[in-house]
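# Structural overview for review
Spelled out from the first residue to the last, the chains are:
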Amino acid sequence: MKKAKKIFETALSEGRTFVLENEAKDIMKAYGIPIPAYSTAETADKAVQEAEKIGYPVVLKILSKDVLHKSDAGGVKLNLKNEEEVRNAFDEIMKNVKSYGEKEETEVDLSRGVFVTDFVEAGTEVIIGVTKDPQFGHALMFGLGGIFVEVLKDVTFRLIPLKEVDAREMVHEIKASKILQGVRGQPPRDIDALVDIMLSVSKMVSENPEINELDCNPTFVYEKGKGALVGDARILIENDGKKSKR
Ligand SMILES: Nc1ncnc2c1ncn2[C@@H]1O[C@H](COP(=O)(O)OP(=O)(O)OP(=O)(O)O)[C@@H](O)[C@H]1O
Ligand SMILES: [Mg+2]
């Protein structure tokens, strides 16, 4: 896909080892992956304009080649309900990220401003990830978000490219699978929508092997029939054989 190649080329020519969130989401959208409405804004005024187009509430996130973990830098503000909250969030993000840079003794490029996106319902949070093994190539990882991944390590892997039957098996073989299938009166989640995302990610990675690592974390899965949305997307790329900084 030309769009993806162009984004990766630009990132590499700027010496970056990851693509910005809007770029990652442009690529994913081109592969048919569902993403909440989004835009970018270099100034607080533009952030308000974009928020109004998207509709409140919105989320603002720092957009910088120097910030990979946005929350750690104080660069994410959720559930902003009006113009005043957007303006305050914009200023706070810039201030937080600047002082984060000073603490880390690196200068952080703030010129791109923020990523503005729809604040969506939480749904059931899952993680779809991709890693690259020097011997076996790309593998797709799947698990439920939060403690399920971080504490219980309840995840499963398959080599890419995935077939539909592989994706369905993955969804069913994690220990917490019942949460997706509906447990204790909870309606089942939209497993078809989740499987579609996994297959699209697999296709995207097969066609763009320069992807080193990828994270759709969180991906929100809603009630059966109501779909799923990728809330945050991170794509790390090869740069002169140099591994990406994490
Ligand atoms: N569009 C959204 N609507 C609702 N909640 C969101 C949205 N985007 C992000 N969030 C929430 O904010 C949290 C942090 O956002 P995000 O994942 O983009 O930041 P991050 O710094 O990349 O986090 P991490 O490095 O831990 O992955 C998410 O885990 C999610 O709970
Ligand atoms: Mg994230």
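To keep things clear, this report deals only with the structure shown in the data block. (Residues numbered from 1 in each chain as written. Chains lettered and ligands numbered in written order. Predicted model: local features only at pLDDT ≥ 70, side-chain atom pairs only at ≥ 80, totals over all residues.)

### Considering the sheet that holds strand S5 (residues 114–118)
- Spatial strand order, S2-S5-S3-S4: four strands in an open sheet with antiparallel pairing. Both outer strands of the open sheet, strand S2 (38–41) and strand S4 (76–80), are each paired with one neighbouring strand and no more. Neighbour-to-neighbour, the strand axes of the sheet open up by a mean angle of 20°, direction not taken into account.
- Bridge count between strand S3 (residues 58–62) and S4: three bridges; the pairing is antiparallel. Pairing of Leu60 across the sheet is with Lys77, part of S4.
- Across the sheet, helix H2 (residues 21–30) touches S2, S3 and S5, and the angle it forms with S2 is around 150°. (Pairing = 2+ DSSP bridges. Helix = DSSP H or I, 4+ residues; strand = E, 2+ residues; numbered from the N terminus. Axes fitted to C-alpha atoms, helices over the stretch in contact; angles between N-to-C directions. Contact = placed C-beta atoms within 7 Å.)

### Thoughts on the site of ligand 1
- Of all residues adjacent to ligand 1, which total 16 residues, the nearest are His69, Lys70, Ser71, Gly231 and Asp232.
- Where the shell around ligand 1 is concerned, the elements lending two or more residues are S3, S4, S5 and strand S9 (211–221).
- Considered class by class, the residues forming the shell around ligand 1 number seven nonpolar, five polar and four charged.
- Both domains that meet at the shell around ligand 1, namely domain 1 (2–118) and domain 2 (124–237), each give it at least three residues. (Near = placed C-beta within 6 Å. Nonpolar A, V, L, I, M, F, W, Y, C, P; charged D, E, K, R; others polar. Domains from an automatic or database assignment.)

### Considerations on the nonpolar core
- Of all hydrophobic cores here, the largest spans 67 residues; its most connected members are Ala47, Leu60, Val86, Val114, Ile128, Met198 and Val201.
- For this core, the element with the most residues is helix H8 (residues 191–207), which contributes seven residues.
- Residue assignment places this core across two domains, with domain 1 (2–118) and domain 2 (124–237) each supplying three or more.
- Those residues in contact with Val114, other than ones at most four positions away along the chain, are Ala41, Ala47, Leu60, Lys61, Ile62, Leu63, Phe90 and Ile93. (Core = buried A, V, L, I, M, F, W, Y, C linked by C-beta atoms within 7 Å. Buried ≥ 20, exposed ≤ 12 C-beta atoms within 10 Å, placed from the backbone.)

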